[in-house]
Structures are given as C-alpha cells and as structure tokens.
Amino acid sequence: MITSGFSQTPEPYKKKVLESTEIQSLFSYYAQQGVHGAVGGGLGSEELVNTTPTIVVTVPLNEDVVLTVDSGISTYTSASSSNINPFMSVGVLGTQAKANSTSEVGLSRPQTWAASGASSSNNTGSNLVTMPIGTPWFASSGASRKDALKHISASISESSDDRNTIKSAELYASTEYDYQSFGFGAGWARLFNEKNTEISLKAKVYLDQWYPIYPTELHEYGLYGTDFLNRGYFNGVNVLNQDGQTTNAYLPSQFTEWKNSNRSSGTFSLSFSQILSRRIQVSLSTDVVYQTGLLSTPYHRIYFKDRPNYYIGDASFIDVYDTTKNFGVFRLADDIERLPESRVKIPIGGRLNMYVNDWLTLRSFYRYYFDDWGIQAQTASLEMPIKLSMNWTVYPSFRYYEQSAAEYFKPFGEHLSTQQFYTSDYDLSSFTSSQLGFGISYKDIFTNIKAFGFGLKNVDFRFQHYYRSDGLESIIYGIGVKFVQ
Amino acid sequence: MKIKGLLVAIVFLASLSSCTVLKEYEKVYVNDEEMLLSSRSLERFEMTFQIYREAAAGANGGKTGGGCGCN
C-alpha cells in the first residue's frame, strides 16, 4: 500500500478559470419621450419609464467549469402601450372649459358636449356624464400601460486543460404579459498563436410566443364582426366622422387577427480577435440572424390615406388631432401593422482598443448592418477610459447611429389600403441618433469592504443621454456592484 | 458585393495573425481591464433599449431580437 502511494504522479497544479464565486447586482433606470407612438399609428406620446434590477451570479464548479445565472425583472410604464385601449369612461362635471384641460386627459370638457346628446351612458345627475374619450398624446388608465418582463438565463462554460479551447452552452427563458420566450445556444472558442488570436463560433435559437392583444376597436370588430358597433364596447358609444357627426359607417374590414403567433429567431455568430501589438488589439464579429413568424407588433395601429377617418371622443378636438392640443379625441384604426413573416439580418462589427498610456485607453466600435427589409445602418462609438488613480476610472463616451427606412415604413396616415405590408413604427424609419454619456468606476483592489462574507470588487455608475433625429429623447443610468467570495 | 466585402475583411483579419506574437509577460497592457474586447456589463441595458429603438442589432455580443417583443 505504501509503495503504491509513492508511485503516484502528483497532479500538476491547474489554476482555476474563476477563483471564487462572484455576485453582481445591476440596476438601470430608463426614461424616454417622443411624439411618434407606434400604437397611435406613428403619432402620439412615446413616454416610457423602465427600471431593471438584475442579479448575476457566477460560480466556479471546478478548475475548468464556470456556471453563470442571470435573472432580473424589467418593469415599465408606457403612455404609448396604454393606448391599446385609449378610451376612458369618466364621470365628469361638465362645468370646466376645455381651455383648462391639463394632462388629466378628458377630466375636463365643455358643458355643451354633454348637452349635445353625445353618448351619455350613465347620466346620474344634471351635468354628470360618463363618456368614452381618449387621445394619443397622453396615457390612458388601461391595463396595458404597464408590464414586467421577467427573465432568467443559465450558462455554463468549460475550458480545456491548456485553456485554449472553451465550450459553452446556455438556456434562456422570459415572460411578459403578451410574450414568452425560450432560448438555448452553444458556443465554441479556440485560442492559438500563443493566445494572441481567438476564433469563436456561437449559435442561438429563440422560440418565442406572442399572446396578441389588439387595439380595442379592432378587437371588438374581430370579436363581433360587422355588427360590432351595436355590441360589446361600442354598444351605446358614438362614432364620429371627420366633420364630428355621429355615424355608423366605421368598418375596419381589412383587419384580421393573426393566425400564427409564434416567432422564432436563429443566430449564428462568428468572431475573430487578434493582438496587433503590445498596446493594440482588434476583433471582428458577424452575425447571421434569421427570424420567422409574427414579426409585426399586433397593437401597432395603421391609418390608411384612402379610407375615411372615424373618431371617438370630443369632436371639437378633431381639427387639432395631430397636435398636443388634442385632449379628448382618438381616431379609430383601419388595421394593424403588417410586416413580412421572415427577416434576415446581418450585422458586421469591429472593435479596436488601444492602450495609449498608463492613464488613457481608447475603446472604439464600428458596425455595418443590413437586412432584407431594406434597412442599412451604421454605428460608431468611442469610449475613453481615464484612470484617475489605482481605484478610480472615468470614461466619457459618444455613439453615433444612422439607418435608412424599411421598405414598409410610411408616416402617420400615409399608407394605402392596397399595400401588402405597412408600418408606421418610427423605429423602422430613417433617422440618425447620437448618444453621449459617461461612467465612473471604483475598484476595490484588496476587497476591503465586506458584506455577508463577500468582499466588494467594484462599483460602476453609467449615465447616457440619447437623442434621435425624429425627436425621441431618452436618458438611461445604471449602477453595478460586484462582490467576490 | 456585401458578401465579397465580408470575405475580404475576414481574409484581411486572418492575415493579422502573422503580426508580432506577444509572450504572456508582454501582455500587461492588452490584459488591462479596459482593453477587453467586449462591452461593459452596464451596457447591456443600453443595448436592450437600442434593440427596441433602432433596427440594427448584433455583432457586439448582445441580443439580436429574440427574447423580447421587439424586432
């Protein structure tokens, strides 16, 4: 027994890929405003606020294998999506003049409206009425004004003994009120040339499922057919024509509900990175993305140029419908956005990082993108991390982006009913955007600050301001704290 | 033309592997944390809203459209 013990060859020491468990807590706050809400057919408020707390836990399972679990909840409130059902039936005292109207949409309107005989479904007093009103310019109180996307992903990677080959696999799942996603993927990376060169391949598949919700007026038409104005929501509600007169001619006959509510996405990625010198390294990446299924958003309204206009609400606002002075009328949709059921997207991107000196680094990124919907885009960004000390780094950054419009895009009310595909979503329009911001990073080199047995590794703060040439503007800030065991 | 351009770029970058080969002890600068050829962890949130607000996505390690109601 003793002899056999001495005859064993000791295992060579192998450094762990990851020394100890890391926990990263991330939080972001995003707020935007704009005037081209896609739910309003390319017109209306795009006000949106989103917060996303996220936890990422990375655990070394042994010397070679690392497990990462990433989970979070992205919660938003949105004026645009609230207007899937823009109509609010409110009881109001009809003594306030519309001139006094504020962001409390429709809570004030002229006495004459109640007296005119317009739909007064629950007149409980001399001047208290309930009537449906709406506007694309403000949020309604509909349930769709808020939602939460909950996600979890787990990935595992294994490095070879010589650390030159890395294999990985991942799973992903997320759920929203009207959307669910399940994804999986695998990757392979190889380092060679004394780890100066790396090539990696990755494949991912998402199998997504819409649970479509449609704009209220189209939902009712889909439910009750041609008699829908006398049933359900529209029963007792007045529809107005362009002149403000009551009519029963509104018939969105082009609308049909989507038969297929699946969306599948497959991505194949190829990356190559190379050290060029002691201070410069570059990478080139390309993805080939194929999507199929329901690629339209079921609650994006469309208004045709060759169809009459119909409204619900206060007729006195029809003339100012497309301005923010419209506090009380909403135009009824002719259809929803229709986009092809397949799309191929090819982005090609490159990074070049340069270590200028001990206090300054340059990080640059460029991407060219094209797809078979006719969009071409370019992205360029530059970040300049400046080391203020061993612990502190600040990094100002600038990003520029431009894209051409999708073949199927036209602004509010410009599409023809004879077209096969149409959208008024300005995310698919032609625009440029610029993003300016900065970040601050604190690194606790000796992990002196402890909490629950974990030492603080770093704290990051990042702020960005985004401006799009169609008027959409947003800010985002994020905070990240990483602890190590 | 686009495919040809992509192939030229790949061949060009592949030829870069003949550049100076650095030993591990020479990589102090390229191993600096700021030199990582990937986006920062906090950038994931920006990439998410960019996927919604812009048509282009991908080639940066982020998502390319799956997993959310965006295109």
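Everything that follows concerns the structure shown earlier in this document.
Not measured: the values here are computed from a predicted model.

Looking only at helices and strands, one finds two helices and zero strands in chain B. Total accessible area computed for chain B in this model is approximately 3,400 Å², and 64% of it derives from carbon and sulfur atoms.

Once that is clear, we can look at the environment of Pro308(A). All names here are of chain A. Along the chain, Pro308 turns up in the loop between β14 (301–302) and β15 (311–313). On the basis of relative accessibility, which here comes to 48%, the residue Pro308 falls in the partly exposed class. Residues Pro308 and Ala249, 59 residues apart in the sequence, show an inter-C-alpha distance of 9.3 Å.

Before going further, it helps to examine empty space enclosed by the protein. Summed over all chains, the structure comprises four cavities of 30 Å³ or more. Computed from the structure, the largest cavity encloses a volume of approximately 380 Å³. Considering the residues around the largest cavity, the lining is formed by 28 residues, among which Phe365(A), Ser381(A), Arg399(A), Glu43(B) and Gln50(B) are closest to the centre. For the lining of the largest cavity, the elements supplying multiple residues, two or more each, are β18 (342–357), β19 (360–371), β20 (376–383), β23 (397–403) and β26 (454–468) of chain A together with α2 (43–53) of chain B. Among the elements that take part in the lining of the largest cavity, α2(B) stands out by supplying five residues, more than any other. Residue classes in the lining of the largest cavity are distributed as seven nonpolar, 12 polar and nine charged.

Turning our eyes to something else, we now look at the environment of Ser140(A). All names here are of chain A. You can see Ser140 is positioned in the loop between β5 (128–133) and β6 (146–159). Considered as a pair, Ser140 and Ala406 are 266 residues apart in the sequence and their alpha carbons are 30 Å apart. Here Ser82 takes part through its backbone oxygen, which lies 2.8 Å from a polar atom of the side chain of Ser140. Within polar-contact distance, the side chain of Ser140 engages the backbone oxygen of Asn85 at 2.9 Å.

The rules behind these values
- Residues numbered from 1 in each chain as written.
- Chains lettered and ligands numbered in written order.
- Predicted model: local features only at pLDDT ≥ 70, side-chain atom pairs only at ≥ 80, totals over all residues.
- Heavy atoms only, no water.
- Helix = DSSP H or I, 4+ residues; strand = E, 2+ residues; numbered from the N terminus.
- Areas by Shrake-Rupley, 256 points an atom, 1.4 Å probe, with all protein chains shown as cover.
- Buried < 20%, exposed > 50% of the residue type's maximum accessible area, 1.4 Å probe, protein only.
- 1 Å grid on protein atoms, 1.4 Å probe; cavity = no way out; pocket = protein on both sides within 12 Å on 5 of 7 lines; lining within 4 Å.
- Points joined across faces, edges and corners; volume = space filled by probe spheres on them.
- Nonpolar A, V, L, I, M, F, W, Y, C, P; charged D, E, K, R; others polar.
- Polar contact = N/O pair within 3.5 Å; in protein donor to acceptor, adjacent residues only side chain to side chain.

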